[in-house]
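Listed below, chain by chain, are the residues.
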Amino acid sequence: MFFDGYPHYHGTTFEQSYRCYPASFIDKPQLESGDKIIMPPSALDRLASLHIDYPMLFELRNAATESVSHCGVLEFVAEEGMIYMPYWMMQNLLLQEGDIVRVRNVTLPKGTYVKLQPHTTDFLDISNPKAILETALRNYSCLTTGDSIMVPYNNKKYFIDIVETKPANGISIIETDCEVDFAPPLDYKEPERPTAPVAAKGPAKAEEVVPEPEPKFNPFTGSGRRLDGRPLSYEPPPASSSSSSSKDKQPAVANGNGQASAASSSEKSARQAQGKLVFGGNANHAPKEAPKAGAGKETKQEEQEKKEESKFQAFTGKKYSLRG
């Protein structure tokens, strides 16, 4: 296409190719903090004769890379065949100084939603980033999905990607209520969660104390004695665990030789030994006079012989005098 630096008009639509240059070529530093360009006076003459919507919005297209963005206009004071634009906008369109850019007037819908993503986490360190962003966007007339805008604050430049816009890829943000959402910054990393060592779980289980079962009451669990003073010819069965636990809490009962007596069976077990009189042992019910010490020291042979006795022999005990 032949380019002579002068505008060419087609019908009622303004469309023209210009050579682009950054804002640093002229004394207009405010261009870098917004999305507006400076166009030549001839463009204003043509636009005034057309029935276009205000405020004026334009589509910028790089024909070499098919990159598209949108912008507004600040002034019509540029030289013919040239336009001046923010440098960050030239970077979005992959343009160099003096490259050809196609400019066409468009009408964009009012935006209802925009999702932003800062490049660095430094932007989140600002005390009120939404208020700073709201103030910075007053210099913008439109936003395009895929662009990266620049927000200056405290002599520092923050770059933010336009991730999503609704209801279209290009929206107008002039006099409209637009919902703003933030995505995590590009360099954001989630903190690693500390994992507890497996070995730490073992002692925790070992420290758990299993509650002991409460002992049950078992009556008639004392030791038995014969009336004749002889040792028993049978061994009482061992007491249950519940009775032994309850017996540990009671003082031991002493027999005639001064030794601690063993636990006997329950009353039911005592009655099963027919022909023998068995009573519950208690220190208060012990006979006043203890049997001779020799009776408690019988040999194991004698105890076995006495266990073999099958019949009950009455009145076979030793006799004692009441006088002592």
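Structural notes, computed from the coordinates. (Residues numbered from 1 in each chain as written. Predicted model: local features only at pLDDT ≥ 70, side-chain atom pairs only at ≥ 80, totals over all residues. Heavy atoms only, no water.)

## Comments concerning the pairing of strand 5 (residues 82–85)
On strand 5, burial covers both faces: Met-82 and Tyr-84 on one face and Ile-83 and Met-85 on the other are all buried. Across four bridges, strand 1 (residues 15–22) lies against strand 5 in parallel orientation. For Arg-19, the partnering residue across the bridge sits in strand 5 and is Met-82. (Buried < 20%, exposed > 50% of the residue type's maximum accessible area, 1.4 Å probe, protein only. Helix = DSSP H or I, 4+ residues; strand = E, 2+ residues; numbered from the N terminus. Pairing = 2+ DSSP bridges.)

## Notes on empty space enclosed by the protein
Gaps left between atoms are located by rolling a probe of water-molecule size over the structure's atoms. In the structure shown here, the tally under the stated rule is two cavities of 30 Å³ or more. Size it by volume and the largest cavity reaches roughly 40 Å³. Lining the largest cavity we find Asp-35, Ser-69, His-70, Trp-88, Met-89, Tyr-140, Cys-142, Leu-143, Thr-144, Asp-147 and Ile-149. Put simply, the parts of the chain that give the lining of the largest cavity at least two residues each are strand 4 (67–75), helix 2 (87–92) and strand 8 (142–144). For the lining of the largest cavity, the leading source of residues is strand 8, giving three residues. Estimated volume of the second largest cavity: approximately 30 Å³. As for the second largest cavity, its lining consists of Ile-52, Asp-53, Met-56, Leu-57, Asn-105 and Val-106. In the lining of the second largest cavity, the residues fall into four nonpolar, one polar and one charged. (1 Å grid on protein atoms, 1.4 Å probe; cavity = no way out; pocket = protein on both sides within 12 Å on 5 of 7 lines; lining within 4 Å. Points joined across faces, edges and corners; volume = space filled by probe spheres on them. Nonpolar A, V, L, I, M, F, W, Y, C, P; charged D, E, K, R; others polar.)

## Looking at the packing of aromatic side chains
As enumerated under the stated definition, the model contains five aromatic pairs in all. Aromatic pair Trp-88 and Tyr-140: ring centres 5.8 Å apart, planes at 40 degrees, arrangement tilted. On the criterion of sequence distance, the pair formed by Trp-88 in helix 2 and Tyr-140 in the loop between helix 3 (129–136) and strand 8 is long-range, its members being 52 residues apart. For the residue pair Trp-88 and Tyr-140, the accessibility class agrees, reading buried in each case. With 5.7 Å between their ring centres and 65 degrees between their planes, Phe-123 and Tyr-158 make a pair best called edge-to-face. Of this pair, Phe-123 sits in the loop between strand 7 (113–118) and helix 3 while Tyr-158 sits in strand 10 (residues 156–166), and the two are 35 residues apart along the sequence. Like Phe-123, the residue Tyr-158 is buried in the burial classification. Counting every residue linked through ring pairs, the aromatic cluster contains Phe-123, Tyr-158 and Phe-182. (Phe/Tyr/Trp six-rings, centres within 6.5 Å; stacked < 30°, edge-to-face > 60°.)

Honestly, that's just the spatial picture; any functional story needs more than this.
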